[in-house]
Amino acid sequence: MPAIETFYDVMRRQGITRRSFMKYCSLTAAALGLGPAYVPKIAHAMETKPRTPVIWVHGLECTCCSESFIRSAHPLAKDVVLSMISLDYDDTLMAAAGAQAEAALQDTIDKYKGNYILAVEGNPPLNEDGMYCIVGGKPFVDQLRHAAEHAKAIISWGACASYGCVQAAAPNPTRATPVHKVITDKPIIKVPGCPPIAEVMTGVITYMLTFDRMPELDRQGRPQMFYSQRIHDKCYRRPHFDAGQFVETWDDENARKGYCLYKMGCKGPTTYNACSTVRWNDGVSFPIQSGHGCIGCSEDGFWDQGSFYDRLTNIKQFGIEANADVVGGTTAAVVGGAVAVHAAVSALKRAQKKNEEA
Amino acid sequence: MSVLNTPNGYTMDNSGKRVVVDPVTRIEGHMRCEVNVDENNMITNAVSTGTMWRGLEVILKGRDPRDAWAFTERICGVCTGTHALTSVRAVEDALGIQIPDNANSIRNMMQLALQIHDHIVHFYHLHALDWVNPVNALRADPKATSELQQKVGPSHPLSSPGYFRDVQNRLKKFVESGQLGLFKNGYWDNPAYLLPPEADLMATTHYLEALDLQKEIVKVHTIFGGKNPHPNWLVGGVPCPINIDGVGSVGAINMERLNLVSSIIDKCQEFNENVYIPDVIAIGGFYKNWLYGGGLSSQACLAYGDIPENPNDFSPEQLHLPRGAIINGNLNEVHDVDPRDPEQVQEFVDHSWYTYGEPGKGLHPWDGVTEPQYELGPNAKGTRTNIIELDEAAKYSWIKAPRWKGHAMEVGPLARYVVGYAKGHEDIKNQVDGLLRKMDLPLSAVFSTLGRTAARALESEYCSRLQRHFFDKMMTNIKNGDESTANVEKWDPSSWPKEAKGVGMTEAPRGALGHWVKIKDGRIENYQCVVPTTWNGSPRDTQGNIGAFEASLMNTKVERPEEPVEILRTLHSFDPCLACSTHVMSPDGEELTTVKVR
């Protein structure tokens, strides 16, 4: 096997100057919300690391996660695929099919035991012996278990892999099941959303490649750098909420003035995601900015919480301070769970370390 | 019994060597294909199988019809938005809701953005590797590649020898690293690849350029719908208000937003004209003699039509994408299509993993029944959880078999273009005649895998022009003082009739798409979708008619049966979308009991 090139080697050979490379590293640091002190660390990592093999499998899904991933603006999807990771199996994009595709999967597992990342899009259905989703003549859940066995870590892309999403909405006819309920002995990072934001997806991957570790996770297993605050906390329409200025009906005067969408059913106050800060598609907009309330697509079971247009009843409507108290209470609960979270993360790190030594 | 004649004119012989392709890759979702080849490596039997099922229609029962767009949008993240549009149209049809003019223009711009995006991503990222060999590109002369680029697409600015050298170097280092990633185990020494290295390098370069461009195209969705994939829609119009110069216009569609939309439309137009169509002509030129894969396209084509010029008017003469049906290969007669007629669209399940309780029955979607029945035929090899070979004489797919007046139909860009051409649609006719002239090909060449691929490129360019048309139309409307984007008269369920039923139709990138909804007491009573890949990927029906995928593979020569290059080439030309096709219907929880979806 020829020596594996590092990310830096690849960039330099593409004619990218050291200066541009360092600039790239600072942009990456900024994108990850890290200070300038981290720039040399990122640069060092990029200079020394080979491209990490990634196996990307697909269960019951709609492929919106893959579509979102290729929308990434920083870094560009082509740079991730050509220079950062080695996407050795992905049935949506790979050249080979059938037997040759299956062989590519097996080769990667054999060659990089314990050193590849398994990315899961979609989820396995367990009814009908798993045959509601068939890959290579067998249940998808078999492929998932097989690929997970020697994975270093698993990324559960999107609401399907993290929570079950639309096919798991009541009555869940196929018994579509999230990844962590099938694979219980591996570190799993949930990156929920339907789909997740592109730059959040590449941000999580870049973080793992750069620091060679799992991101800090909250107690639900989500990277806290992107999922620790609610859309409402950072929404640019928040001042209108606080001032009691609401859209009363679609396309009314208040809608045209960009008032708060809370009364139209916005789920921003109960949804943890980065939409109101990172925004979508290179920062162009996000649902609330384009006039529709948040439907809460990164929350567990969001399909079964009543209509998307039902007003939330578990937050105070006008009382600003009362609302802040409620918010404070929620935060306290999260902080209260921090010890447990920390322990879980440490356990994940231990598991990862163990895998590396094996 | 190994030879069978189908009513739609094919002779199926499964006595030769059986070749299985599973998974079929570079598609949306999960699919399996089996073929038999004779001693000359000609395909004599084809079996196409949808290998996933999600049950969204039963999940929709009892829910608020105003929410249905969000559920159905998640049928597919590749053709994102088109199910949502079909859904709001179905609900508006049921409830008699009229949308404003601006909403029609915005919806059209979003739907057209999807068409363009989907066609470009399909050609460059899912289909190109069936024709283009990136490994062969390493042998190209960058200077000659630059000359080729300037010859085929003289207006494309990225064409210098240095530019192609840089891309080639990047590719070289990638290949030499030993980590081939997505190109691993490709069929790079298969004689089916015919391009000279320079064309391979040019096309591979455009693979990367298109990857950068596609993320711009979808920003039309982000501006009007807040995000992509899966933008937001609204029953009654669109959720984004327009506020050109009033107080708070920074929070609405304003001049800056509109300028961004306009610049994206320009970018798409330029890429279609300078790169996409020239690439299809250049690559197609080397495969001119590979005219396999026509299948049903010269016999039976169906299009519902889309992109209404005016809001709420879906009469055929008002649609920019044509509506009509062609049967029995008679291009001189285009039949009208009525989705409400119980005799026209019907679904059959005799070869699908469902049962209607009695064999041979076809059901119109408003009366659709779905009950799963997963079982392999007596001649299948393997077990129920380890399929080696399927038995196509029995049930063999999670896809139902929809038929139009009993006929298996092809849908999609080629079907739309065949229907449009037959109807004398001026823009379509000019495009097709122009392309054939340039490539020095007869009209009959259209009915092929290449024709399907070319129709998609032509349609992408046509859609760019339509996008500009609707942008200008909306600007004129705004100039005339109309900023309305939503009609809320019937937003409140208390204003609805006790019972109502409606149908919504669109042309998804992959073809004719219909949603049928029944509403009772403000809730969804029944919801059925008949989607493009259900038409194209359908298994045999009661009469034994084969579907479009299967028909297109028949009588194709494969160079090496163990390497499915030609099979992938033709299947990919339909842009299969399996999550769409196999979403249908039914049971409760873990017990797989009978549930009637009606």
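Here the residue numbering is sequential within each chain, running from 1 through the sequence in written order. All chains are assigned letters beginning with A, and all ligands numbers beginning with 1, in the order in which they are written. The predicted nature of this model means local features are confined to residues of pLDDT at least 70 and side-chain atom pairs, given and counted, to a pLDDT of 80 or more, with totals for whole chains, interfaces and linings taken over all residues.

The name given to chain B in an unreviewed UniProt entry is Uptake hydrogenase large subunit, with Thioclava sediminum as the source organism. UniProt positions are given in the numbering used here, feature names are shortened, and annotations may be inferred rather than shown by experiment. The record held by UniProt for chain B lists under Sequence similarities (unreviewed entry) the comment "Belongs to the [NiFe]/[NiFeSe] hydrogenase large subunit family." The UniProt entry for chain B carries this comment under Subunit (unreviewed entry): "Heterodimer of a large and a small subunit."

If you look chain A up in an unreviewed UniProt entry, it shows as hydrogenase (acceptor) from Thioclava sediminum. Under the UniProt heading Subcellular location (unreviewed entry), the note attached to chain A is "Cell membrane". Among the UniProt annotations of chain A, the heading Subunit (unreviewed entry) holds the following wording: "Heterodimer of a large and a small subunit."

Chemist: Tell me about the interface of chain A and chain B, residues and numbers included.
Modeler: Our contact criterion uses C-beta atoms placed from the backbone: two residues qualify when those atoms are within 7 Å. Counting residues at the interface gives 86 residues for chain A, matched by 97 residues for chain B. Those elements that place two or more of their residues in the side of chain A that touches chain B are α1 (7-13), α4 (64-69), α5 (77-84), β2 (85-90), α6 (98-111), β4 (134-135), β5 (138-139) and α12 (253-256) of chain A. Broken down by element, the residue count for the side of chain A that touches chain B peaks at five residues, all from α6(A). When grouped by side-chain class, the residues that make up the side of chain A that touches chain B number 44 nonpolar, 24 polar and 18 charged. Helix numbers and strand numbers start at the N terminus; a helix is a DSSP run of H or I with at least 4 residues, a strand a run of E with at least 2. Side-chain classes are defined by residue name, with Ala, Val, Leu, Ile, Met, Phe, Trp, Tyr, Cys and Pro counting as nonpolar, Asp, Glu, Lys and Arg as charged, and the others, Gly among them, as polar.

Chemist: Explain the UniProt feature "domain: Cytochrome-c3 hydrogenase C-terminal" (unreviewed entry) in chain A to me, and be specific about the residues and the numbers.
Modeler: The UniProt record annotates "domain: Cytochrome-c3 hydrogenase C-terminal" (unreviewed entry) at residues 227-308 of chain A. Here residues 227-308 of chain A runs as 12% helix and 0% strand, with 21 Å between its end C-alpha atoms.

Chemist: Can you tell me about the UniProt feature "domain: NADH:ubiquinone oxidoreductase-like 20kDa subunit" (unreviewed entry) in chain A, naming the residues and giving the values?
Modeler: UniProt's feature table lists "domain: NADH:ubiquinone oxidoreductase-like 20kDa subunit" (unreviewed entry) at residues 62-207 of chain A, given in the numbering used throughout. From the first C-alpha to the last, residues 62-207 of chain A spans 26 Å; its make-up is 37% helix and 18% strand.

Chemist: Describe the packing of helix α4 (residues 101-127) of chain B against helix α7 (residues 197-217) of chain B, listing the residues and the values that go with them.
Modeler: Residues and elements named next belong to chain B. The geometry of α4 relative to α7 is characterised by a closest axis approach of 10 Å and an angle of 160° between their N-to-C directions. Taken as axis vectors, α4 and α7 run roughly antiparallel relative to one another. Handedness of the crossing formed by α4 with α7: left-handed. Contacts between α4 and α7 involve Ala113, Ile116, His117, Ile120, Val121, Tyr124 and His125 on the former and, on the latter, His206, Tyr207, Ala210, Leu211, Leu213, Gln214 and Ile217. Residues that form the contact of α4 with α7 fall into these classes: 10 nonpolar, four polar and no charged. Helix axes use the C-alpha atoms of the stretch in contact, all axes being lines fitted to C-alpha atoms, and the angles between their N-to-C directions lie in the range 0 to 180 degrees. Any angle from 65 to 115 degrees is called roughly perpendicular, while one under 35 is roughly parallel, one over 145 is roughly antiparallel, and all others are oblique. The handedness criterion is simple: a crossing whose near helix is rotated anticlockwise from the far helix by less than a right angle is left-handed, and one whose near helix is rotated clockwise is right-handed.

Chemist: Hey, could you go over unusual backbone geometry for me, with residue numbers and the actual values?
Modeler: Leave glycine aside and you will find that most residues have negative phi; peptide bonds, for their part, are mostly trans. For the bond from A:Ala170 to A:Pro171, the omega torsion is 5°, close enough to zero to count as cis. The residue A:Pro171 is located in the loop between α8 (158-163) and β7 (188-191) in this model. In the Ramachandran plot, B:Lys405 falls in the positive-phi region, its phi being about 50° despite a non-glycine side chain.

Chemist: With reference to specific residues and values, describe the pairing of strand β15 (residues 511-520) of chain B.
Modeler: Residue and element names in this part refer to chain B. Exposed residues have 12 or fewer other C-beta atoms within 10 Å of their own C-beta, buried residues have 20 or more, and residues in between are partly exposed; the C-beta atoms are placed from the backbone. Most of β15 is tucked away: nine of the 10 residues are buried. Here a strand pair is declared whenever DSSP counts at least two bridges between the two strands. Judged from the 10 bridges that link them, strand β14 (residues 499-508) and β15 form a sheet pairing that is antiparallel. By the bridge assignment for β15, Glu507 is matched with Ala512. From the end of β14 to the start of β15, which pair antiparallel, there are two residues. Here β15 folds back onto strand β16 (residues 523-530), and the loop between the two strands holds two residues, one of which, Asp521, carries a positive phi near 50°.

Chemist: Residues and numbers for the domain arrangement of chain A, please.
Modeler: Residue and element names in this part refer to chain A. What the domain assignment reports for chain A is domain 1 (51-227) and domain 2 (231-315). If you average the C-alpha positions of domain 1 and of domain 2, the two centres end up 29 Å apart. Residue-level contacts link 15 residues of domain 1 with 14 residues of domain 2. Those elements giving two or more residues to the side of domain 1 that touches domain 2 turn out to be α8, α9 (198-211) and α10 (224-227). When the residues that make up the side of domain 1 that touches domain 2 are grouped by side-chain class, the tally is 12 nonpolar, one polar and two charged. What marks off one domain from the next here is an automatic or database domain assignment.

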